[in-house]
Amino acid sequence: LAPAAAGVLCGAPGVVVGLAVGTTAYGVSQTAMHVRHPGGRCDPLVLVEVLNAEQETLAAARSHITPKSRNPVWNQTLSLPAGEEGETRHLQQQGWSWRGKRKSAKLAASQNIVPERWDLDTTNVRLTLYDKSVGVMDQTIGEVCMPLSSLLAEPEAGGHLVTDSCDEAVLGDIPPYLPCRISLSVVQESLPQSWTLPKCMFIEQFPVHVFMMTRGTRGDVQPFVALARGLAEELGWLVTICTEATHAAFVQKHAEVSRGGIRFRPSGGNSEARMDSVLANFLLSHSTELLQMIALSRSEAEFFSSATVFMDEVLSSENNKPVDLIIFGFTLAGVAAMVGEHCKKPLIGLILQPSCIPSKQADWKAIHAIQSPDGKSLLDTVEEMAFTSHGSLKVLKDLAEKNPFASMNLNHLRKLFDLKPVANTWQALNEAKVPIIIPMPEGTFQRPQDWSENIVQTEFIFLRKKASAASAGARQDLGETVGCFIDDARRDDAPLCLITFSSMPVPRRTLLRIVLKLIKESKFHVRVMYVGRIEQGPIDLEGEAQKCKDAGTFCEAKAVDFGILFPLMDCFIVHGGLGTTVEALRTGKPTCVTGPLLMDQRFWGHVCYEKGIGPKPVFIAEFEKSCVDFVDGALDPSDPEKWRAEAEANVTKNSWGKVEDDGILANVHCIKELWPSLTPLVTSRSEERKLTSNAWVCCSSAGVSEPEPPMAPLAAKPSEESEASCFPQTDTKHSPLPDCSPPTTLSQAVSI
C-alpha cells in the first residue's frame, strides 16, 4: 500500500489506502469507543483476502495498525500470498473475532495459491476493516468485496465503499456523515505476465458524464441499465450507475458497449434481502390500503442512509470527470434534488411509477384499491376513502421524511449541506421545470390534466438481447430444459401458461398449490411454466410438483430471457411490474395481475382490467380460488370474457409498442433534445458557508491525510485529540505523503 499521484492509470505503480470514518460507524457504542480514545479515534487495520468462486481464501495478508487515528493512511506494500514464513505465522497467531471465526483461522486456511493460478474472471478481493481498540468486542467495522478484474480495470477509482453486515454504507458520526471508503490499487510491476489485463477506461475522453442514482429490486434497476446502454452506444456518453451492490454483476454484465462507457458504483443497501425480512413479510401478507400507503410513504425515507453516498460520489467526481447530468428514480427524488442543488447539476427523473406523481384530480389515486373477490366490504369502502388519495400520501410522507425524531430525515440532510427545507419535493421539481420522463406512451393511462409540461411521456424501455424470438438460435437461448418443455407442449398441441413474480417473495406453498390446481383442474390440459425465485416448499407439494415435472406438465427456472419466452406463451399470470406486464401485453394474450400487489403493481393490475385484457387484480392468497377460471377463460376458443379479442385489439392499435422495439432509442432522443436547455435546480440556499468537494475528500488518489481542523469562526480552537476530525472544511490542505516506494516483491506474488 504505497502512495500514488492523482489520476493514476494502468501501468503506474503505487497505491494509496485511506479512510474517512467516524466513531459510531464502527458498529460499537460511542461510550465503548471513548473508553480508550476519548477523541473518537480508533486503532484500524485492514485484512486483505483473495477469494475464488467458492469463497475459498487463495491468499491473505493484513496491514499494520495505525493507532489513535480517525483517517488512517497505510504506506505499505502487501504481497499476496504473504512472502515471508515468519510473517504468515505471526498473522496466524492473531486472535480477533470475525463473523464467529478467528481471523487467524481464516489466514491459516489460506491456500497460498500463486497468482498465476488465479482465475481473473471469478477471483474476488475482500478487504475487511477492523478496530483493534475495542478489545474483546466485535472489532469489525465493515468490508469491501470486488472482482479482481474491476480492481485492475479502474486503478484510479477514488475509493471503495465500506458496508456493514446489513450491506448498508458505513458512515462517519461527524457531519455531514460521509461514507467510509478504502482506496487501493495493484502494483502493476508485480502482476504475472501471463494475465490478460482488462481494458482500462480513460473517463476524461467522454463528452458528457451522466450519474444515475437508483435503489430497489432488479426490476427498478433494469430500465436504468437499458437507458445507460443507449446513452453510451448512441451518444458516446459516460454513464455511472450508482445502486445496490447486489446488482453489480448485472450492471457489469451489460456494461460492454462499442461507444461510450458504463461504470458501476455501490450505494449501499440490499432491498432484496429487506424484502425477506419479518416486517416486509408482514406487509406483503396483509392487503389493507393503510399498510400499502405506509409503505409508499416510506419509499424514499428507507433509502436516506445512502444520501451522503450519492453526494460523495458526485462531489468526488470533480477530481477527474465531473458529473454533467443526474438521472434519478422515484424512490430518490428528494435526495436527488438535494444532490443536484448542492452540486449545481441538472436533473432528469426517470419515473416508472406514474401514480406516485401527485395531482389534485379526485380520480388520480396514489394507491389503487384492491377489493375482495367476495364483494366490497365496509372496511374496503373506508380504506378506499381514507388511504388512497395523494392528500393522505402527503401527510404520511411528511411524517416519514421529515420526522424530527428520526436519525435521518430530509430536512436534516438538506441542512447538512446548507440547503433550506423544501415543503414539497414534487412541487419544487415542477417549479424548476425539471424534466420527468415516464417511459410509457400516451394512452397507457389517463394523464391528469393538471400535470405540468415538464412531465414527458415516451416509449416503454426494455433491456433485451438483439436476437429475435422467431429465430432458431433464440430458442436455444432458453436453455435445454425450458426449450424441450416448450417443444413438447407444441408437439402435443397443449397450451402454455406462464407464471412469474420476478423477485417478489411469493410463498412457495401458495405458488405450488396454484400450479397444481391449474394442471389438475383446467379443462384445457394447460402446461405451466414458472420463472422466478425457487425455494424449498412443503415436502408433499414438492413431491407432487416433481411428478408434474416428470410428466412434462410443469417446468420452472430462476431466469429466462423474457423477450424470447413471452411470445411462445398463451396466457400470463404476472406480478404487475412494468417490464413483465408490458412484455405480456405486447404478445396480445390475456394477462392477469396478482401477487403482493405493491405500489405500481396495483396500477398495472388496473390497467389490464380497464383495457379488458384480464380480470380485476387480486392478492395471491385469494387468487387460488379463481386461477382456474382465469386460465380457462383465457384459453377458451370462444373467448367468453373477450380478453383475447381486447388484447389483440390493443396490439393492433400499437398501444404497447412493437415487440421488437426496446424503446431505448426513443428515450435517448428525448434526453438528447432536453440536454441543451437543462439548468441546475435552485430552491433556496442558506447564506452560510458552502461545502466543496475538496473540503472532505480525505481519501482520493490525490493524497490522503487527516484534515486540518475547521477554520474559525465555525468552531473553537480544537484540542490535540480533535485535530483529526473529518468535519468538512474549506481550503483543506493535505500534508505530503512520505516516500514509500513499493519494495521489491518476491516472485510469484502480487503486491497491493
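Everything here concerns the structure above.
Residues numbered from 1 in each chain as written. Predicted model: local features only at pLDDT ≥ 70, side-chain atom pairs only at ≥ 80, totals over all residues. Heavy atoms only, no water.

*Asks:* What is the right way to look at the overall build of the protein chain in this model?
*Replies:* Summing up its helical and strand segments, the protein chain has 25 helices and 25 strands in all. Within the span of the protein chain, comprising 752 residues, buried residues form 58% of the whole. Taking the intrachain contacts of the protein chain between residues at least 6 apart in sequence as the baseline, contacts between residues at least 24 apart amount to 73%. As displayed, the protein chain has an accessible area near 31400 Å², and 52% of this comes from carbon and sulfur atoms. (Helix = DSSP H or I, 4+ residues; strand = E, 2+ residues; numbered from the N terminus. Buried < 20%, exposed > 50% of the residue type's maximum accessible area, 1.4 Å probe, protein only. Contact = heavy atoms within 4.5 Å. Areas by Shrake-Rupley, 256 points an atom, 1.4 Å probe, with all protein chains shown as cover.)

*Asks:* How should the sheet that holds strand 14 (residues 347-350) be read in this particular structure?
*Replies:* Strand pairing in a sheet takes place through backbone hydrogen bonds and is either antiparallel or parallel in direction. Overall, parallel pairing links the seven strands, which are arranged 12-11-10-13-14-15-16 in an open sheet. In the strand order of this sheet, the two ends are held by strand 12 (261-266) and strand 16 (455-457), each with one partner. Shown here is a sheet whose adjacent strand axes are inclined to one another by a mean of 20°, direction ignored. (Pairing = 2+ DSSP bridges. Axes fitted to C-alpha atoms, helices over the stretch in contact; angles between N-to-C directions.)

*Asks:* What exactly am I supposed to notice about the nonpolar core here?
*Replies:* Among soluble globular proteins, nonpolar side chains are generally buried collectively. One finds Met-212, Leu-231, Ile-327, Leu-565 and Trp-604 to be the most contacted residues of the largest nonpolar core, which totals 123 residues. A total of nine residues in this core trace back to one element, the largest contributor, which is helix 5 (residues 218-235). In this view, Met-212 contacts Phe-224, Leu-227, Ala-228, Leu-231, Val-239, Thr-240, Ile-241, Cys-242 and Ile-327; residues no more than four positions away in its chain are not counted. Core analysis: the second largest hydrophobic core is formed by 34 residues, Cys-497, Val-515, Ala-545 and Phe-554 among them. (Core = buried A, V, L, I, M, F, W, Y, C linked by side-chain atoms within 4.5 Å.)

*Asks:* Please clarify how the packing of aromatic side chains should be interpreted in this entry.
*Replies:* Centre-to-centre distance and the angle between the planes together describe a pair of aromatic rings. In this structure the tally under the stated criterion is 12 aromatic pairs. Seen in terms of ring centroids, Phe-445 and Trp-451 are 6.1 Å apart; in terms of plane orientation they differ by 70°. Their pairing is edge-to-face. Residues Phe-445 and Trp-451 agree in their burial class; the two are buried. The interplanar angle of 85° and the centroid separation of 5.4 Å between the aromatic rings of Phe-603 and Trp-604 together place this pair among those described as edge-to-face. Comparing Phe-603 with Trp-604 shows no difference in burial state: the two are buried. Cluster of aromatic residues (ring-pair linked, three or more members): Trp-364, Phe-445, Trp-451, Phe-460, Phe-603, Trp-604 and Trp-656. (Phe/Tyr/Trp six-rings, centres within 6.5 Å; stacked < 30°, edge-to-face > 60°.)

*Asks:* Help me understand the pattern of salt bridges, please; the structure alone is not making it clear to me.
*Replies:* Opposite charge on two side chains lets them pair, provided their charged atoms get close. For the structure shown, the criterion picks out 24 salt bridges. Among the ionic contacts, a cluster of salt bridges with common partners joins Glu-168, Arg-274, Arg-298 and Glu-302. (Salt bridge = Lys/Arg side-chain N within 4 Å of Asp/Glu carboxyl O.)

*Asks:* I keep staring at the sheet that holds strand 1 (residues 44-51) and nothing clicks. Help me out?
*Replies:* Across the sheet, four strands lie side by side as 2-1-6-7; this open sheet has antiparallel pairing. Each end of this open sheet is capped by a strand with a single partner; those strands are strand 2 (57-62) and strand 7 (140-147). Sheet twist, expressed as the average angle between the axes of neighbouring strands with direction ignored, equals 15°. Bridge count for strand 1 against strand 2 is five bridges, and the pairing is antiparallel. Considered in strand 2, the bridge of Glu-49 is made with Ala-60.

*Asks:* Teacher, can you tell me more about the packing of helix 21 (residues 578-585) against helix 22 (residues 600-610) here?
*Replies:* To describe two helices that pack against each other, one gives the angle between their axes and the distance between the axes. Two numbers describe how helix 21 lies on helix 22: the axes approach to 10 Å, and their chain directions differ by 15°. In terms of their interaxial angle, helix 21 and helix 22 are classed as roughly parallel. You can see that helix 21 and helix 22 cross each other, and the crossing is right-handed. When helix 21 is examined against helix 22, the residues Leu-578, Thr-581, Val-582 and Leu-585 are found in contact with a partner set consisting of Asp-600, Trp-604 and Cys-608. Looking at the contact of helix 21 with helix 22, its residues break down into five nonpolar, one polar and one charged. (Parallel < 35°, antiparallel > 145°, perpendicular 65-115°, else oblique. Left-handed = near helix turned anticlockwise from the far one by under 90°. Nonpolar A, V, L, I, M, F, W, Y, C, P; charged D, E, K, R; others polar.)

*Asks:* Would you mind showing me how to read the side chain of Ser-359 here?
*Replies:* Secondary-structure assignment places Ser-359 in the loop between strand 14 and helix 12 (378-386). Polar contacts involving the side chain of Ser-359 include one to the main-chain amide nitrogen of Gln-361, which spans 3.1 Å. A polar atom in the side chain of Ser-359 sits 2.6 Å from the side chain of Asp-450. Aside from chain neighbours lying at most four places away, what touches Ser-359 is Trp-364, His-390, Pro-448, Asp-450 and Trp-451. (Polar contact = N/O pair within 3.5 Å; in protein donor to acceptor, adjacent residues only side chain to side chain.)

*Asks:* Any chance you could explain the environment of Phe-387 here in plain terms?
*Replies:* With respect to the secondary-structure elements, Phe-387 resides in the loop between helix 12 and helix 13 (390-401). Taking the relative accessible area as the measure of exposure, Phe-387 reaches 25% and is therefore partly exposed. In the structure, Phe-387 is positioned 93 residues away from Ile-294 in sequence and 9.1 Å away in space, judged by C-alpha atoms. When sequence neighbours within four positions are dropped, the list of residues in contact with Phe-387 reads Glu-289, Leu-290, Met-293, Ile-367 and Ser-392.

*Asks:* I tried to follow the state of the cysteines on my own but got confused; where do I start?
*Replies:* Should the sulfur atoms of two cysteines be covalently bonded, the bond is a disulfide. Per the counting criterion, the structure on display carries zero disulfides. With no disulfide of its own, Cys-484 has Cys-555 as its nearest cysteine by sulfur position, at a separation of 9.4 Å. Given a relative accessible area of 39%, Cys-484 falls into the partly exposed group. (Disulfide = S-S within 2.5 Å.)

*Asks:* I keep staring at the pairing of strand 20 (residues 571-574) and nothing clicks. Help me out?
*Replies:* Across a regular strand the side chains alternate sides, sitting on one face of the sheet and then on the other. Judged by which residues are buried, strand 20 turns out to be covered on both faces: Cys-571 and Ile-573 on one side and Phe-572 and Val-574 on the other are all buried. Of the pairings in the sheet, the one linking strand 20 to strand 21 (residues 591-595) comprises three bridges and is parallel in character. Each bridged residue has a counterpart across the sheet, and for Val-574 the counterpart in strand 21 is Val-593. Crossover handedness for the path strand 20 to helix 21 to strand 21: right-handed. (Right-handed = clockwise from strand over helix to strand, strands pointing away.)

*Asks:* For this particular structure, what's the right way to read the packing of helix 18 (residues 508-521) against helix 23 (residues 620-635)?
*Replies:* In the contact formed by helix 18 and helix 23, the axes pass within 9 Å of each other and the chain directions differ by 20°. With respect to their mutual orientation, helix 18 and helix 23 come out roughly parallel. For the pair helix 18 and helix 23, the crossing hand works out as right-handed. Two secondary-structure elements touch here, helix 18 through Thr-510, Arg-513, Ile-514, Lys-517, Leu-518 and Glu-521 and helix 23 through Ile-620, Phe-623, Glu-624, Lys-625, Cys-627, Val-628 and Val-631. Of the residues contributing to the contact of helix 18 with helix 23, the split by class is seven nonpolar, one polar and five charged.

*Asks:* What's the story with helix 5 in this structure? I'm lost.
*Replies:* Given 3.6 residues to a turn, an α-helix orients residues that are three or four positions apart in the same direction. In this model helix 5 runs 25 Å from its N-terminal to its C-terminal C-alpha over 18 residues, within 8% of the 26 Å that 1.5 Å per residue would give. For helix 5, the complete set of buried residues consists of Val-221, Pro-223, Phe-224, Val-225, Ala-226, Leu-227, Ala-228, Gly-230, Leu-231, Ala-232 and Leu-235. Once helix 5 finishes, Gly-236 follows within two positions and takes phi at roughly 75°, a positive value. (Expected span 1.5 Å × (residues − 1).)

*Asks:* Just checking my understanding: could you explain the environment of Phe-206 for this structure?
*Replies:* By the secondary structure assignment, Phe-206 is in the loop between strand 9 (181-182) and strand 10 (209-213). Residues Phe-206 and Ala-232, 26 residues apart in the sequence, show an inter-C-alpha distance of 9.5 Å.

*Asks:* Mind showing me how you'd approach the pairing of strand 21 here?
*Replies:* Strand 21 sits mainly inside the fold: five of its five residues count as buried. As paired strands, strand 21 and strand 22 (residues 618-619) are joined by two bridges and run parallel to one another. Opposite Thr-594, over in strand 22, you have Val-618 as the bridge partner. What joins strand 21 to strand 22 is helix 22, and the crossover it makes is right-handed.

*Asks:* Just checking my understanding: could you explain unusual backbone geometry for this structure?
*Replies:* What is expected of a backbone is that most residues other than glycine have negative phi and most peptide bonds are trans. At the junction of Pro-175 and Pro-176, the peptide bond is cis and its omega measures out at 5° in the coordinates. Mapping Pro-176 onto the fold places it in the loop between strand 8 (160-161) and strand 9. Positive phi values are uncommon outside glycine, yet Asn-654 reaches one of about 60°. For Asn-654, the position within the fold is in the loop between helix 24 (643-652) and helix 25 (664-674).

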